[in-house]
Amino acid sequence: MRVTVNGKTREVNNQLLSEILVECGYQQTCFATALNGVFVHRHQRESTRVVQGDRIEVVTPNAGG
Amino acid sequence: MTMLELYGRSFESRILLGTARYPSPDRLAEAVQASGTEIVTVSLRREAGGSHAGEKFWNLIKSLDVTVLPNTAGCYSAREAITTAKMARELFQTDWIKLEVIGDSESLHPDTAGLMEAARILNAEEFKVFPYTTEDLVVAEKLLHAGCEVLMPWGAPIGTARGLNNEYGLRALRSRFETTPVIVDAGIGLPSHAARAMELGSDAVLLNTAVARAEDPARMAEAFAEGIRAGRNAYLAGPMQPSDMPQTSTSLIDKADLRE
């Protein structure tokens, strides 16, 4: 199915958020996620089902003022 | 010297430093150390799978042994800011959040209606909110009513280095909310600007670009720390009031009569 990860459209094979993240190369642990603008706690990723057209955001620590 | 009290925690330093726009991670670390800051601001940004840039940055910040204050920079709605705050809480393991809701992309003027809405929701979810706001007294009152225990009025719009655009507004805020910590955030360009904010009775100053973009960030960080200390001392010392009438400082009593 087709989803958007950090603004880029991708074709993914999995349906659970945790699986899609691994599929997209997120092996590290230092990130936070949101699905369609709503925060998804790290413990909820394994039970969060993603559907066609969903928007996934993956963010990490960055410099800021 | 009294300590800076923020949400039940005490700090000696009254400078909060941003971590963006430094020429290198080393220059950032040097500036943090030279400033003596105990609180630095950080943000969240997208990262591609397989990259470890965020983790590397986070390890650098952790090595500096400072308190982190994550921001919601770049958020244009309460909803965006709330989601960002929740992601920041998980990632940085802190309930502190510098709440920014921007209303206009050109002026970067805070959207105070969105700010108040986000502050109410985040306070209810037990965040400790540091709201980036204007000098508006009514907005400040509502932020405090929503549960905020700190106010962060701007000095001038973000990144302008103009100093304090509205001294009267900052003075009014100080005198209206005598016991609430006031941190002047944004628009500061020079140590004299920061010193002035402190002379007006602000409790601390938050700045970033003026240090990060200086030719020598560590030296500028030290200069800001000195300015902020000087301004704080001046406020506590009780400055004399200005007058339109000149007055000699040397007494004229018993001056010799030297007329010819």
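Presented here is an overview of the structure given in this document. (Residues numbered from 1 in each chain as written. Chains lettered and ligands numbered in written order. Predicted model: local features only at pLDDT ≥ 70, side-chain atom pairs only at ≥ 80, totals over all residues. Heavy atoms only, no water.)

1. Comments concerning the overall build of chain B
- Of regular secondary structure, chain B possesses nine helices and 10 strands.
- The dimensions of chain B, computed from C-alpha atoms along their principal axes, are 90 × 40 × 35 Å.
- The long-range share in chain B, meaning contacts at least 24 apart out of those at least 6 apart in sequence, stands at 66%.
- Surface exposure of chain B reaches about 13,000 Å², of which carbon and sulfur atoms provide 49%.
- Side chains of chain B carry 26 positive and 35 negative charges; the gap between the two charge centres is 2 Å. (Helix = DSSP H or I, 4+ residues; strand = E, 2+ residues; numbered from the N terminus. Contact = heavy atoms within 4.5 Å. Areas by Shrake-Rupley, 256 points an atom, 1.4 Å probe, with all protein chains shown as cover. Lys, Arg positive; Asp, Glu negative; His and termini not counted. Charge placed at Lys NZ, Arg CZ, Asp CG, Glu CD.)

2. Some details on the sheet that holds strand 7 (residues 128–133) of chain B
- Spatially, three strands are ordered 6-7-8 (chain B) in an open sheet, and the strand pairing comes out parallel. Since the sheet does not close on itself, it has two edges, and those belong to strand 6 (96–99) and strand 8 (152–153) of chain B, each with one partner. (Pairing = 2+ DSSP bridges.)

3. Let's talk about the packing of helix 5 (residues 137–145) of chain B against helix 6 (residues 167–176) of chain B
Residue and element names in this part refer to chain B.
- The contact between helix 5 and helix 6 brings their axes to 10 Å, and the two run at 40°. The two elements helix 5 and helix 6 cross, and the hand of that crossing is right-handed. Residues Leu137, Ala140 and Glu141 of helix 5 pack against Ala172, Leu173 and Arg176 of helix 6.
- For the contact of helix 5 with helix 6, the residue count by class is four nonpolar, no polar and two charged. (Axes fitted to C-alpha atoms, helices over the stretch in contact; angles between N-to-C directions. Left-handed = near helix turned anticlockwise from the far one by under 90°. Nonpolar A, V, L, I, M, F, W, Y, C, P; charged D, E, K, R; others polar.)

4. A look at the nonpolar core
- Formed by 77 residues in total, the largest nonpolar core has its most connected members in Leu6, Ile61, Leu99, Val129, Phe130, Ile183 and Leu207 of chain B.
- The biggest single contributor to this core is helix 3 (residues 78–92) of chain B, with eight residues.
- Setting aside anything within four residues of it in sequence, one finds Phe130 of chain B in contact with Leu6, Tyr7, Leu69, Trp96, Ile97, Lys98, Leu99, Val150, Met152 and Ile183 of chain B.
- In this structure, Cys24, Tyr26, Val50 and Ile56 of chain A belong to the second largest nonpolar core, which totals 14 residues. (Core = buried A, V, L, I, M, F, W, Y, C linked by side-chain atoms within 4.5 Å. Buried < 20%, exposed > 50% of the residue type's maximum accessible area, 1.4 Å probe, protein only.)

5. Thoughts on helix 9 (residues 217–237) of chain B
All names here are of chain B.
- End to end, helix 9 covers 30 Å across 21 residues, agreeing with the expected 30 Å (1.5 Å per residue, within 8%).
- Residues of helix 9 that are buried include every one of Pro217, Ala218, Ala221, Phe224, Ala225, Gly227, Ile228, Gly231 and Arg232, and no others.
- Each element contacted by the buried residues of helix 9 is listed here: strand 3 (15–18), helix 1 (25–35), helix 7 (191–199), strand 10 (204–207) and helix 8 (209–212).
- Trailing helix 9 by a residue or two, Gly238 shows a phi angle of about 75°, which is positive. (Expected span 1.5 Å × (residues − 1).)

6. Brief notes about the interface of chain B and chain A
- With 31 residues of chain B at the contact, the number on the chain A side is 28 residues.
- Where chain B abuts chain A, roughly 2,300 Å² becomes buried across the two surfaces, and 55% of that area is made up of carbon and sulfur atoms.
- Across the chain B-chain A interface, the total number found is three salt bridges.
- Among the salt bridges present, the one from Arg46 of chain B reaches Glu57 of chain A, with a minimum N-O distance of 2.8 Å.
- Counting across the chain B and chain A interface gives 20 residue pairs in polar contact (both at pLDDT 80 or more).
- Put simply, the parts of the chain that give the side of chain B that touches chain A at least two residues each are strand 4 (39–46), helix 2 (53–63) and helix 3 of chain B. (Buried area = accessible area lost by both parts, 1.4 Å probe. Salt bridge = Lys/Arg side-chain N within 4 Å of Asp/Glu carboxyl O. Polar contact = N/O pair within 3.5 Å; in protein donor to acceptor, adjacent residues only side chain to side chain.)

7. Let's talk about the packing of aromatic side chains
Residue and element names in this part refer to chain B.
- This model, assessed by the stated rule, comprises five aromatic pairs over all chains.
- Centroid distance Phe11 to Trp96: 5.9 Å. Interplanar angle 65°. Geometry classified as edge-to-face. In this pair, Phe11 is assigned in strand 2 (residues 9–11) and Trp96 in strand 6, connecting sequence segments 85 residues apart. Residue Phe11 shares its accessibility class with Trp96, and that shared class is buried.
- Every member of this aromatic cluster is reached through a ring pair, and the members are Tyr7, Phe11, Trp96 and Phe130.
- The lysine or arginine in question, Arg9, covers the ring of Trp96, its NZ or CZ lying 5.4 Å from the ring centre.
- Between the NZ or CZ atom of Arg89 and the centre of the ring of Phe127, over which it lies, the distance is 3.8 Å. (Phe/Tyr/Trp six-rings, centres within 6.5 Å; stacked < 30°, edge-to-face > 60°. Lys NZ or Arg CZ within 6 Å of the ring centre and 35° of its normal.)

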